[in-house]
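# Chain and residue survey
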Amino acid sequence: MTPATRKPKPKPSLRCTVVVLDEAWLEALPEAERLAKRAARSAFAGARRSGRRSLNVALDDDRGVRALNARDRKKDKPTNVLSYPSGERDFLGDMVLARQTVWREAREQRKSPADHFTHLVVHGTLHLLGYDHETGEADAERMETLERRILAKLGIADPYALDWQTVEKSPKPGRQTK
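So, here is what we can say about the structure in this document. (Residues numbered from 1 in each chain as written. Predicted model: local features only at pLDDT ≥ 70, side-chain atom pairs only at ≥ 80, totals over all residues. Heavy atoms only, no water.)

### Observations regarding the nonpolar core
In this structure, Leu55, Val57, Leu97, Phe117 and Leu126 are the most contacted members of the largest nonpolar core, which totals 37 residues. Contributions of two or more residues to this core are made by β1 (13–20), α2 (32–46), β2 (52–60), β4 (91–98), α4 (99–108), α5 (113–128) and α6 (137–153). With residues near it in sequence (within four places) discarded, Leu97 still touches Trp25, Val57, Ala58, Leu59, Asp60, Val65, Asn80, Val81, Val102, Phe117, Leu120 and Val121. Within the second largest apolar cluster, 5 residues are counted, among which are Ala58, Val65, Leu82 and Val96. (Core = buried A, V, L, I, M, F, W, Y, C linked by side-chain atoms within 4.5 Å. Buried < 20%, exposed > 50% of the residue type's maximum accessible area, 1.4 Å probe, protein only. Helix = DSSP H or I, 4+ residues; strand = E, 2+ residues; numbered from the N terminus. Contact = heavy atoms within 4.5 Å.)

Here it is in structure tokens:
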């Protein structure tokens, strides 16, 4: 095959399906579906992945996420985002976000709900791509650095920057406070 007849590699692409389990998401954040797709695709591109992949984002309430968190992580409380990697090549997996927790954290951290939501979808997508902040400080720093870079390209401020005017009440996604 000559270079002229060689098939070009397909552009990286990510298909993101958003499933609304709690209709209050659409009242609180009407652009949730668009933001989720943009955040997931940006995370995929930012992680420099290739090929055609897909993932699902479920928008639920605290009660639904609490049940999943209790069942799967033995933590009987809601959390902002849970990620479920599929282990498959083309389908990355599922993530689910808890509306009330996302809103509460955004308020406590003095962030817009849209920016916090976007950050959490980026965070969840990176988990589905194999990044893990719970395996050690170096892995956590690598993941946070990538999140910062992706969010900056989306025009969102560094979510890990310390706001001196507020007391941090919510830990970083998945991180323990000291």
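### Section: the pairing of strand β3 (residues 81–85)
With 5 bridges joining them, β3 and β4 adopt antiparallel strand pairing. Looking across to β4, one finds that Tyr84 is bridged to Asp94. (Pairing = 2+ DSSP bridges.)

### As for the sheet that holds β1
Pairing is mixed in the open sheet, where 4 strands are placed in the order β1-β2-β4-β3. Unpaired on one side and paired on the other, β1 and β3 mark the two borders of the sheet. Across the sheet, the mean angle from the axis of one strand to that of its neighbour is 20°, orientation sign disregarded. Note: β1 against β2, 8 bridges, orientation parallel. What sits directly across from Val20, in β2, is Leu59. (Axes fitted to C-alpha atoms, helices over the stretch in contact; angles between N-to-C directions.)

### Looking at the packing of aromatic side chains
Within the structure shown, the criterion is met by 2 aromatic pairs. Here Trp25 and Trp103 contribute two aromatic rings whose centre-to-centre distance is 5.4 Å and whose plane-to-plane angle is 80°, an arrangement assigned as edge-to-face. With Trp25 in helix α1 (residues 24–28) and Trp103 in helix α4, this residue pair connects regions lying 78 residues apart in the sequence. Trp103 carries the same exposure label as Trp25, and that label is buried. Ring centres 5.2 Å apart and planes at 50° place the aromatic pair Trp25 and Phe117 in the tilted group. (Phe/Tyr/Trp six-rings, centres within 6.5 Å; stacked < 30°, edge-to-face > 60°.)

### Comments concerning the side chain of Asp60
Within the secondary structure, Asp60 is located in strand β2. No salt bridge is formed by the buried Asp60. Its closest oppositely charged neighbour is Arg63, at 7.1 Å. Residues within four places of Asp60 in sequence aside, it is in contact with Leu21, Asp22, Trp25, Val65, Val96, Leu97, Ala98 and Arg99. (Lys, Arg positive; Asp, Glu negative; His and termini not counted. Salt bridge = Lys/Arg side-chain N within 4 Å of Asp/Glu carboxyl O.)

### A short note on α4
Along α4, the residues that are buried comprise Arg99, Thr101, Val102, Trp103, Glu105 and Ala106. Among the structural elements, α1, β2, α3 (62–73), β4 and α5 are those in contact with the buried residues of α4. Backbone geometry just downstream of α4 places Arg110 in the positive-phi region, at approximately 55°.

### Looking at α5
The terminal C-alpha atoms of α5 lie 22 Å apart, and with 16 residues this matches the ideal 22 Å at 1.5 Å per residue to within 8%. Counting buried positions along α5 yields 14 of 16 residues, so the element is predominantly enclosed. Of the residues one or two after α5, Gly130 is the one with positive phi, at around 105°. (Expected span 1.5 Å × (residues − 1).)

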